[in-house]
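# Overview (structure and organization)
Letter by letter, the chains look like this.
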Amino acid sequence: MARKPYEHELLRLQHELVQLQEWVRAEGARLVVVFEGRDAAGKGGAIKRVTEFLNPRIARVVALPKPTERQRTQWYFQRYVEQLPAAGEIVLFDRSWYNRAGVEKVMGFCTAEEHRQFLDQCPTFERMLIESGILLRKYWFSVSDTEQQRRFRGRLEDPMRRWKLSPMDLESITRWEDYSRAKDEMFARTDTPESPWYVVESDDKRRARINMIAHLLSGLPYREVAPPRIELPERPPSRGYRRPPREAQTYVPDHAARLG
């Protein structure tokens, strides 16, 4: 997708996302958006564009680290429940409870019984969320093996992005078919009428972001909420207070001035 139409449409959609945010706040709605997909599929970039102009006190991103020893003894969904939104909040999961159906299954971080139990319980868990009033949307970012390899190579050669290339990323290259098999089984069990998966073709990152955001907005019953009337007050006249001299404070050096 060409840059100019992409940027024009993205800005329009981001304006709509702000309207969505204000509707969520005003109505006390609770919105959960799950971002899943293969490594380097573009989830992080899409999340950044969604949240760019949103209030972080209303819309927050959840990207949980690996569970602690204590969390491993809890009900699997428990630490995700703690992150669910209250009224007037949006939560974006950068990977979610579906870790168990993907990386944990493929890498052997869970047992076969734990994986089976997850697939059994997940539709019920999501049904409970929806019945409680949570608006749940699930997006799977689909990337081809050729494009994934190209993005990995780009990370490897870019010192600013090399940190994004994890051992799990490298392992996913050699386990491509294992991940495919795990994803297909996950879809077969968790792509339900009340909580469907929406697949985002993401070889073209710009197109993927536009398509995903437009779809999210199209499926939510938000409306424009009139902003409160705000007037800037007049600054009152000075009452004679004298501030300490500038020399009494330590200022950041003007590095910018040396750039010419």
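All values reported here derive from a predicted model rather than from experimental measurement.

Parameters at a glance
- Residues numbered from 1 in each chain as written.
- Predicted model: local features only at pLDDT ≥ 70, side-chain atom pairs only at ≥ 80, totals over all residues.
- Heavy atoms only, no water.
- Helix = DSSP H or I, 4+ residues; strand = E, 2+ residues; numbered from the N terminus.
- Buried < 20%, exposed > 50% of the residue type's maximum accessible area, 1.4 Å probe, protein only.
- Contact = heavy atoms within 4.5 Å.
- Lys, Arg positive; Asp, Glu negative; His and termini not counted.
- Charge placed at Lys NZ, Arg CZ, Asp CG, Glu CD.
- Phe/Tyr/Trp six-rings, centres within 6.5 Å; stacked < 30°, edge-to-face > 60°.
- Lys NZ or Arg CZ within 6 Å of the ring centre and 35° of its normal.
- Polar contact = N/O pair within 3.5 Å; in protein donor to acceptor, adjacent residues only side chain to side chain.
- Pairing = 2+ DSSP bridges.
- Axes fitted to C-alpha atoms, helices over the stretch in contact; angles between N-to-C directions.

## Side note on the overall build of the protein
For the protein, the helix and strand inventory stands at ten helices and five strands. Structurally, the protein occupies a C-alpha span of about 75 × 45 × 45 Å along its principal axes. The proportion of buried residues among the 260 residues of the protein is 38%. By sequence separation, contacts in the protein at least 24 residues apart represent 79% of the contacts at least 6 residues apart. The positive charge centre, built from 45 side chains, and the negative charge centre, built from 38, are 5 Å apart in the protein.

## Details of the packing of aromatic side chains
Tallied over the entire structure, the rule returns 19 aromatic pairs. Relative to W97, the ring of F93 lies with its centre 5.3 Å away and its plane at 65°, an arrangement referred to as edge-to-face. Across the pair, W97 and F93 agree in class, each one buried. Note on Y98 and F118: the rings are 5.8 Å apart at their centroids and 85° apart in plane angle, and the pair reads as edge-to-face. Of this pair, Y98 sits in the loop between β3 (89-94) and α5 (103-107) while F118 is found in helix α6 (residues 112-131), placing the two residues 20 residues apart along the sequence. In this structure, Y98 and F118 share a single accessibility class: buried. The ring of F187 has K183 sitting right over it, with the charged end atom 4.3 Å from the ring centre.

## Examining the side chain of R155
By secondary structure assignment, the location of R155 is in helix α7 (residues 145-157). Given the relative accessible area of 12%, R155 is considered buried. From its side chain, R155 meets the backbone oxygen of K164 in a polar contact 3.1 Å long. Setting aside residues no more than four positions away along its own chain, R155 makes contact with A40, R161, R162, K164, L165 and D169.

## Notes on the sheet that holds strand β1 (residues 30-37)
The strand order across the open sheet formed by five strands is β2-β3-β1-β4-β5, and the pairing between neighbours is parallel. Of all the strands in the sheet, just β2 (59-62) and β5 (197-201) have a single pairing partner and so form its edges. Strand-to-strand, the axes of this sheet are offset by a mean angle of 20°, without reference to chain direction.

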